[in-house]
Amino acid sequence: VNVPPTKFVPVPTAETAEFWEGCSRHELLIQRCADCAAYQFYPRIMCVVCSGRALQMVRASGRGVLKSFTIVRRAVSEAYAAEVPYVVALIELEEGPTLMSNVIGCVVDEVCIGMPVEVVFDDWSEGLSIPKFRPFRA
Amino acid sequence: MSATLHGKVAIVGAADTEVGVITHMGATQLCVDAILRALTDAGIDKEAVDGLVTCNSMVEPYMYHAEAVAEYLRVFPRYCVSIGAGGGTTFTALHQAASAIASGICHTVVIAMADNIRSGLSRERALAIQSSSGHPQFERPYGAPVAGYYALIAWAHMHEFGTTPEQLAAVAVSTRKHAVRNPTAQMRTPISVEDVLNSRLIADPLHLLDCSLVSDGGAAIVMTSADRARDFRQPPVYLLGVGEGHRHEHISQARSLTTSAAADSGRRAYEMAGVRPRDIDFAELYDCFTPVVLIELEDLGFCAKGEGGPFVAAGSIEPGGPLPVNTHGGLLSHCHPGNPGSMFALTEAVLQLRAQAGERQLAKAEIALVHGQGGIMSSHCTVILGREKNR
């Protein structure tokens, strides 16, 4: 039997379940500290700025800019090989936190640092959607 | 100055196994082979060892690796621990072992690390393990190979400082020039900047020759207190300074992509050693990918921030340059068996300081700086070693 190779599938934990549920509704959720108003990503039980525990999940605007990126020419595994070349990037959200993602919906050579992007969701399976980004054209 | 390890401990034995593609030994055997060679170099029996520090193997992992190696050797140390800090493991281990000796927990420590990720893992498996430092939910799903994570810092450096792919390539070219002079290096054919740029793109801007090797091999050192160091048959190499820096685990959480915790570890090590960058005769820097060397050169104070590219392109780190770097050939050209990779930087520094490095022996080798980093610019440890106990 040929088992198709699988991608690295995120497995939600008690701490991240709410984030992934948001993704399945195509909403990008980040945390905001009720005490000091700092935003953070990934989800934690504490605020990294003030150590407070009063964190709320809020919907991010979904817009940001590319802090850096690479164009992957040699896939990490067979499961990703069909997508080569693909862009892996660090995106700084408008609210401040940085996250890693893919940039899709454009020619890879168009990607550059400082490029405005917006979130878009890639539905991997029933109940699992992965946040990715595409060029934001106002 | 508070509690300090300056001049308190010395390396009195050092040895490498064969490196490259080793098919006649497994990872545990390589680790034990390295230990036996280092004990011979130091001129002591295994019974003299009362401390053992190892790092786990990817190919033959144990729940308690150092215990397993002690059992294999049939030694009964009073200090026995395996450490995992990625590519920084070697020097973090040295820091721990030096502290254990200085505080009297034990007297004679062996630090040994080996793996055979070239022969013991499939190519696919080796790639998967190397990229497993990515966050399982927030990084790995996006499919970056380990070169891709480092490409993120390369591109940021190019964008911020105008660093060019040619300057990145110059790191690989300089390192190969050193490897040509080392008979044990895995890759000894000279390469040019054009060769690097014409090699296959792995993750822009990194080409195949910007990436380190995948190898088998191991190395070990024997360390003891400075007071006892003269009783061994080799000239002692003293620990002058050591420092660590830790800023993140995952690259997406890094506060800066272009300044690393090497700035913290370097400052702490220089302070303990009482030396400045200009006092360093040669350096062995972690070179898993070429951009890492540029950032380390800057953060360790060998050139200004952002000047790493022009510094290397001017030939500064080549044989005969003002700061020879990776005189054995580094991870780029000597060998890279995974986490044990920095051990060869350490054994090379010891050989150079003892003036036993053969045809690649540096004319001036009194003070060396060795630096390791693990994860994706995550854990950093800087070590300064010297031929004399005090500076």
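Residues numbered from 1 in each chain as written. Chains lettered and ligands numbered in written order. Predicted model: local features only at pLDDT ≥ 70, side-chain atom pairs only at ≥ 80, totals over all residues. Heavy atoms only, no water.

## Some points on the pairing of strand β4 (residues 108–116) of chain B
Remark: a regular strand shows side chains that alternate across the two faces of the sheet.
Residues and elements named next belong to chain B.
So, step 1. Across the 9 residues that make up β4, a large majority, 9, are buried.
So, step 2. Note: β4 against strand β7 (residues 216–225), 9 bridges, orientation antiparallel. From the neighbouring strand, Met113 faces β7, where its bridge partner is Ala219. (Buried < 20%, exposed > 50% of the residue type's maximum accessible area, 1.4 Å probe, protein only. Helix = DSSP H or I, 4+ residues; strand = E, 2+ residues; numbered from the N terminus. Pairing = 2+ DSSP bridges.)

## What about the nonpolar core?
Residue and element names in this part refer to chain B.
So, step 1. Ile35, Tyr150, Leu297, Phe302 and Ile384 are the most contacted members of the largest nonpolar core, which has 118 residues in total.
So, step 2. A per-element tally of this core places helix α5 (residues 146–161) first, with 10 residues.
So, step 3. Those residues in contact with Phe302 that lie beyond four places of it in its chain are Tyr270, Pro277, Ile280, Ala283, Leu297, Phe311, Leu323 and Leu369.
So, step 4. By size, the runner-up hydrophobic cluster in this structure holds 43 residues, among which are Leu5, Ala14, Val19 and Phe91. (Core = buried A, V, L, I, M, F, W, Y, C linked by side-chain atoms within 4.5 Å. Contact = heavy atoms within 4.5 Å.)

## A word on the packing of helix α3 (residues 89–102) of chain B against helix α12 (residues 343–353) of chain B
All names here are of chain B.
So, step 1. With their axes 8 Å apart at the nearest point, α3 and α12 run at an angle of 60° to one another. Note on element contacts: α12 touches α3 through Met343, Ala345 and Leu346, opposite Thr90, Phe91 and Leu94.
So, step 2. The class makeup of the residues in the contact of α3 with α12 is 5 nonpolar, 1 polar and no charged. (Axes fitted to C-alpha atoms, helices over the stretch in contact; angles between N-to-C directions. Nonpolar A, V, L, I, M, F, W, Y, C, P; charged D, E, K, R; others polar.)

## Notes on the environment of Ser316 of chain B
Residue and element names in this part refer to chain B.
So, step 1. Along the polypeptide, Ser316 turns up in the loop between α10 (308–313) and α11 (330–334).
So, step 2. For the pair formed by Ser316 and Ser174, sequence separation is 142 residues and the distance between their alpha carbons is 8.8 Å.
So, step 3. Those residues in contact with Ser316 that sit more than four places away from it in its chain are Phe311, Gly321, Pro322, Leu323 and Pro324.
So, step 4. In terms of polar contacts, Ser316 uses its side chain to reach the backbone carbonyl oxygen of Phe311, at 2.6 Å. (Polar contact = N/O pair within 3.5 Å; in protein donor to acceptor, adjacent residues only side chain to side chain.)

## Side note on a nonpolar patch on the surface
All names here are of chain A.
So, step 1. On the surface, a cluster of nonpolar side chains totalling about 370 Å² of accessible area is made up of Ile45, Met46, Val48 and Val49.
So, step 2. Mapped onto the secondary structure, Val49 falls in the loop between β2 (39–40) and β3 (55–59).
So, step 3. Among the residues examined, Val49 registers a relative accessible area of 61% and is labelled exposed. (Patch = residues over 30% accessible without salt bridge, like charges linked within 9 Å, V, L, I, M, F, W, Y side chains within 5 Å. Areas by Shrake-Rupley, 256 points an atom, 1.4 Å probe, with all protein chains shown as cover. Salt bridge = Lys/Arg side-chain N within 4 Å of Asp/Glu carboxyl O.)

## Some words on the sheet that holds β2 of chain A
Residue and element names in this part refer to chain A.
So, step 1. The sheet built from 3 strands is open, its strands ordered β2-β1-β3 with antiparallel pairing. Two strands lie at the open edges of the sheet, namely β2 and β3, each paired on one side alone.
So, step 2. Note: strand β1 (residues 29–33) against β2, 2 bridges, orientation antiparallel. Considered in β2, the bridge of Gln31 is made with Gln40.

## Some remarks on the interface of chain B and chain A
So, step 1. Counting residues at the interface gives 32 residues for chain B, matched by 38 residues for chain A.
So, step 2. At the boundary of chain B with chain A, total buried surface from both sides reaches about 3,000 Å², with 62% on carbon and sulfur atoms.
So, step 3. Three residues stand out in chain B for area buried against chain A, namely Gln137, Phe138 and Tyr142 of chain B, and they jointly supply 26% of the buried area on that side.
So, step 4. At the junction of chain B and chain A, the tally comes to 1 salt bridge.
So, step 5. Arg73 of chain A is the partner of Asp204 of chain B in a salt bridge, and the nearest nitrogen-oxygen pair spans 2.7 Å.
So, step 6. Counting the contacts that link chain B with chain A gives 16 residue pairs in polar contact (both at pLDDT 80 or more). (Buried area = accessible area lost by both parts, 1.4 Å probe.)

## A word on the packing of aromatic side chains
Each aromatic ring pair is characterised by the separation of its centres together with the angle its planes make.
So, step 1. For the structure on display, the rule yields 10 aromatic pairs over all chains.
So, step 2. Considering the side-chain rings of Phe19 of chain A and Trp20 of chain A, the 5.0 Å spacing of their centres and the 80° angle between planes classify their relative orientation as edge-to-face. In terms of burial, Phe19 of chain A and Trp20 of chain A fall into one category: buried.
So, step 3. Aromatic pair Phe69 of chain A and Trp155 of chain B: ring centres 4.3 Å apart, planes at 40°, arrangement tilted. Here Trp155 of chain B lies in helix α5 and Phe69 of chain A lies in strand β4 (residues 63–72), a pairing that spans two chains.
So, step 4. Taken together through their ring pairs, the aromatic side chains of Phe19, Trp20, Phe41 and Tyr42 of chain A together with Phe138 of chain B make up a single cluster.
So, step 5. Sitting above the plane of the Tyr42 of chain A ring, Arg44 of chain A keeps its charged end 4.0 Å from the centroid.
So, step 6. Of note, Arg140 of chain B hangs over the ring of Phe8 of chain A, and the distance from its end group to the ring centre comes to 3.9 Å. (Phe/Tyr/Trp six-rings, centres within 6.5 Å; stacked < 30°, edge-to-face > 60°. Lys NZ or Arg CZ within 6 Å of the ring centre and 35° of its normal.)

## What to know about the sheet that holds strand β2 (residues 51–54) of chain B
All names here are of chain B.
So, step 1. Overall, mixed pairing links the 9 strands, which are arranged β3-β2-β4-β7-β1-β8-β11-β10-β9 in an open sheet. If you trace the sheet from one side to the other, it starts and ends with β3 (79–82) and β9 (282–285), each paired once. On average, each strand axis in the sheet is tilted by 25° relative to the strand beside it, whichever way the strands run.
So, step 2. With 4 bridges connecting them, β9 and strand β10 (residues 367–374) associate as parallel partners. Its bridge partner being in β10, Ala283 is matched across the sheet by Leu369.

## A look at unusual backbone geometry
So, step 1. Between Phe41 of chain A and the following residue, Tyr42 of chain A, the backbone shows a cis peptide bond with an omega angle of 10°.
So, step 2. Omega for the bond connecting Val84 of chain A with Pro85 of chain A falls within 30 degrees of zero, at -5°, which places this linkage in the cis form.
So, step 3. Along the chain, Pro85 of chain A turns up in the loop between α2 (78–81) and β5 (86–93).
So, step 4. For Asn326 of chain B, which is not glycine, the phi dihedral falls at a positive 60°.

## Examining the pattern of salt bridges
So, step 1. Counting across every chain of the model gives 19 salt bridges over all chains.
So, step 2. Measuring nitrogen to oxygen at the nearest pair gives 2.9 Å for the salt bridge that ties Asp299 of chain B to Lys305 of chain B.
So, step 3. Asp299 of chain B sits in the buried class, given a relative accessible area of 10%.
So, step 4. Residue classification places Lys305 of chain B among the partly exposed residues on the basis of a relative accessible area of 32%.
So, step 5. One connected set of salt bridges, linked through shared partners, spans Arg25, Glu27 and Arg59 of chain A.

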